[in-house]
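Listed below, chain by chain, are the residues.
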Amino acid sequence: RDARKYSGVVEDCCCDYETVNQLNEEVLHPILQELVKTPFFRYFKVKLWCDCPFWPDDGMCRLRDCSVCECPDNEFPELFKRPSRVRSADDMVCQEGKPQAAVDRTLDSNAFSGWIEVDNPWTYDDETDNAEMTYVNLQLNPERYTGYSGPSAQRIWDAIYKENCPKYPSEELCSEQKVLYKLISGLHSSISVHIASDYLVDEATQLWGQNLELLYDRVMRYPERVRNLYFTYLFVLRAVTKAADYLEQAEYNTGNSQEDLKTQSLVRQLVFNPKIRSACPVPFDEAKLWKGEKGPELMLQIQKQFRNISAIMDCVGCEKCRLWGKLQVLGLGTALKILFSDNGNNGLNQRLQLQRNEVIALINLLNRLSESVKFVHEMGPTAEKLMKRK
Ligand code: FAD
C-alpha cells in the first residue's frame, strides 16, 4: 500500500510522481540551486517590519536564528542601489508634503530597466513602497528551524486556513477553491520540510542537522500534505514554463557581465529545457479553471482571499519566517498572475508584465519546493520506517 501511495499521476496535474522525482533530481534541482546563487536572484527587496494590521500585539521570536541578516552596504549590486543622501537636521522633522520628502526613484528605474512596477491583483503589494524596503541576501538567510511556534504561529496558520481557504470537507468546494487550499497546504508542507531538514538539534552546542521525527509528524504522516507539496511544485513549474518567452527576454543586469550571462543561460536552461518539455510538457492544466458562468466572480473572490493571505504575512512574529513567508506568498501570487492573468489566452506573453521582485520570488519559491520534493523523496521513506518501528 505504501509503495502505491505516491505513484501514478499527481492529483489534478499532468505528470506522475516518478517523472517529477526524476526531473527534479536530474534537471530542475541542479539548475535552480545554481540560479538562486546568482547576484540577480539572491537579493530580495522586502519590507521587514512587522506592522500587522490584524493583531498589533503579536510577540516576536525567541531565538537568534529568527533575525534576518540584511545586506551590508557593499554587498549587493551597485546598480540596485539608490543614491545615499547626506543626512541633515531637516531629516529629523516631518517631511510630509515637501518635495524633498518624495522618494527618489531615478536610479531604481535605470537599474531595473526593462522592469516596471505594475500592480499584481493577487498580492498585497509592497514593491512600490521604496522608502520602507530593504535588500536581503537570501543566501545568508536560509529557511530553516527558527523556534517560532506556539499561539502566534498557530494564529497565522488558523487565519489562513479558516478565514481564507477553508479545508474542503467534502465535494462542496469548487475546484478553484481546492486549488487555493492545495497551494497553501503545499507551501505549508514545504516550510515544515525545511524545518525538518535544517534543525537546531542541540541548542547548547549549536549543532544543526536533520529531524526525521518532525518530518514524519508534520508531513509524511499525512499523505495529503505530501500530495499537496507535489501539486504546488507542478503548479509553480507550469507558471515558470508558461512565462518562458518573457523570462528568457527579461534583463538580468546587475553590473557584473560575466555573472549576468550565466544567469541568462541558466534561465534559458530552466524554461526551455527539452527534458522537461518532453517528460512533463504541461505540469498543470490551468485552462480547466474559471469555466462556469460564475468564473469571473469566483476569480475576484479567490483573488481577494489570496490578497488577505498575503497581508497576513506582515503578522508573522519572526523576522526570518516573515521574510520567507512573504517571498513565497509573492512567488505563489506571481504564479497565479502568470497562469490566470488572461484566462489562458495565447496572447499571454505579449501582455504579461512582471516586476523584478516577482521574478526573484517565483524562482526562489520553485527552488524551495524543489528542495522539499527532493528531501521528501530521499528521506521520507526512512522517516516512515523509523517512526513505525517506534
Ligand atoms: P504548524 O505547522 O503550525 O501547523 C498548524 C496546524 O495546521 C496543524 O496542527 C495542522 O492541523 C495544520 N497543518 C499542518 N501542516 C499542514 C499542511 N501541510 N496542510 C494542511 N494543514 C496543515 N518555523 C520555523 O522554524 N522556520 C520557519 O522558517 C518558519 N516559517 C514560517 C512561515 C510562516 C508564514 C508561518 C505562519 C510559520 C512559520 N514557522 C516557521 C512556524 C512553523 O510553520 C510552525 O507553525 C511551528 O513550527 C509550529 O508547528 P506545529 O507543529 O504547531 O504545526
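Residues numbered from 1 in each chain as written. Predicted model: local features only at pLDDT ≥ 70, side-chain atom pairs only at ≥ 80, totals over all residues.

Going by an unreviewed UniProt entry, the protein chain carries the name Endoplasmic reticulum oxidoreductin-1 and comes from Rhynchospora tenuis. As its UniProt record puts it under Cofactor (unreviewed entry), the protein chain is described as follows: "FAD". Annotation of the protein chain in UniProt includes, under Subunit (unreviewed entry), the sentence "May function both as a monomer and a homodimer." (UniProt positions renumbered as here; feature names shortened; annotations may be inferred.)

1. Structural notes on the overall build of the protein chain
Counting its regular elements, the protein chain contains 15 helices and 4 strands. Looking at the protein chain residue by residue over its 390 residues, the buried ones come to 37%. At a minimum sequence separation of 6, the contacts of the protein chain that also span at least 24 residues come to 83%. (Helix = DSSP H or I, 4+ residues; strand = E, 2+ residues; numbered from the N terminus. Buried ≥ 20, exposed ≤ 12 C-beta atoms within 10 Å, placed from the backbone. Contact = placed C-beta atoms within 7 Å.)

2. Considering the nonpolar core
Judged by nonpolar contacts, the single largest core of 90 residues is most densely connected at Tyr-230, Leu-234, Val-236, Ala-239, Ala-335, Leu-362 and Leu-366. Setting aside residues no more than four positions away along its own chain, Leu-362 makes contact with Ala-239, Val-240, Gly-331, Thr-334 and Ala-335. (Core = buried A, V, L, I, M, F, W, Y, C linked by C-beta atoms within 7 Å.)

3. Considering the UniProt feature "active site" (unreviewed entry) in the protein chain
Look at the UniProt record and you will see "active site" (unreviewed entry) annotated at Cys-318 and Cys-321. Of note, Cys-321 is situated in helix H13 (residues 319–340).

4. Thoughts on the confidence of the model for the protein chain
Should pLDDT be low for a region, the predicted coordinates there are not to be read in detail. Scored by pLDDT, the protein chain has a mean of 80; 74% of the residues are at 70 or more. Mean pLDDT values over the elements of the protein chain span from 33, in helix H4 (residues 106–111), up to 98, in helix H7 (residues 212–220). Confidence drops under pLDDT 50 across residues 82–114; counting only partners more than four residues distant or on other chains, this segment forms 18 contacts. Counting interchain partners and residues more than four positions distant, the pLDDT-below-50 stretch residues 343–350 has 8 contacts. Interface confidence in the predicted complex, given as ipTM, is 0.99; pTM for the same model is 0.86. (pLDDT = per-residue confidence, 0-100.)

5. A word on the site of the ligand
Around the ligand there are 22 residues in total, and Ala-153, Ile-156, Ser-185, Cys-321 and Gly-325 lie nearest to it. Top element by residues in the shell around the ligand is helix H6 (residues 175–197). It accounts for 6 residues. (Near = placed C-beta within 6 Å.)

6. With respect to the pairing of strand S1 (residues 43–46)
Neither face of S1 is open: one carries Tyr-43 and Lys-45, the other Phe-44 and Val-46, and all of them are buried. Note: S1 against strand S2 (residues 134–137), 4 bridges, orientation antiparallel. Residue Tyr-43 lies in a different strand from S2, and its bridge partner there is Asn-137. (Pairing = 2+ DSSP bridges.)

7. Regarding the packing of H6 against helix H15 (residues 356–389)
Here H6 crosses H15 at 65°, and the two axes come no closer than 9 Å. Pair H6 / H15 crosses with left-handed handedness. In contact with Ser-189, Ser-190, Val-193, His-194 and Ser-197 of H6, H15 contributes Arg-368, Leu-369, Ser-372, Phe-375 and Val-376. (Axes fitted to C-alpha atoms, helices over the stretch in contact; angles between N-to-C directions. Left-handed = near helix turned anticlockwise from the far one by under 90°.)

8. A short note on unusual backbone geometry
Comment: phi is negative for the bulk of residues other than glycine, and the bulk of peptide bonds are trans. Positive phi values are uncommon outside glycine, yet Gln-206 reaches one of about 55°. Structurally, the position occupied by Gln-206 is in the loop between strand S3 (199–202) and strand S4 (207–209). Residue Gln-206 is classed as exposed on the basis of its C-beta count, with 10 C-beta atoms lying within 10 Å. Unusually for a residue other than glycine, Trp-290 sits at a positive phi of about 55°. With respect to the helices and strands, Trp-290 occurs in the loop between helix H11 (274–279) and helix H12 (295–312).

9. Topic: the packing of H6 against helix H8 (residues 223–242)
Where H6 contacts H8, the two axes come as close as 7 Å, and the packing angle between them is 105°. Relative to H8, H6 is oriented roughly perpendicular. In this structure, H6 contributes Lys-182, Leu-183, Ser-185, Gly-186, Leu-187, Ser-189 and Ser-190 to the contact, and H8 contributes Arg-225, Val-226, Asn-228, Leu-229, Phe-231, Thr-232 and Phe-235. Residue classes in the contact of H6 with H8 are distributed as 6 nonpolar, 6 polar and 2 charged. (Parallel < 35°, antiparallel > 145°, perpendicular 65-115°, else oblique. Nonpolar A, V, L, I, M, F, W, Y, C, P; charged D, E, K, R; others polar.)

10. Considerations on the UniProt feature "binding site: FAD" (unreviewed entry) in the protein chain
Per the UniProt entry, the sites bearing "binding site: FAD" (unreviewed entry) are Arg-144, Thr-146, Trp-157, Ser-185, His-188 and Arg-218 in this numbering. Structurally, His-188 is set in helix H6. The exposure class assigned to His-188 is partly exposed, which follows from the 19 C-beta atoms found within 10 Å. One can find Arg-218 in helix H7.

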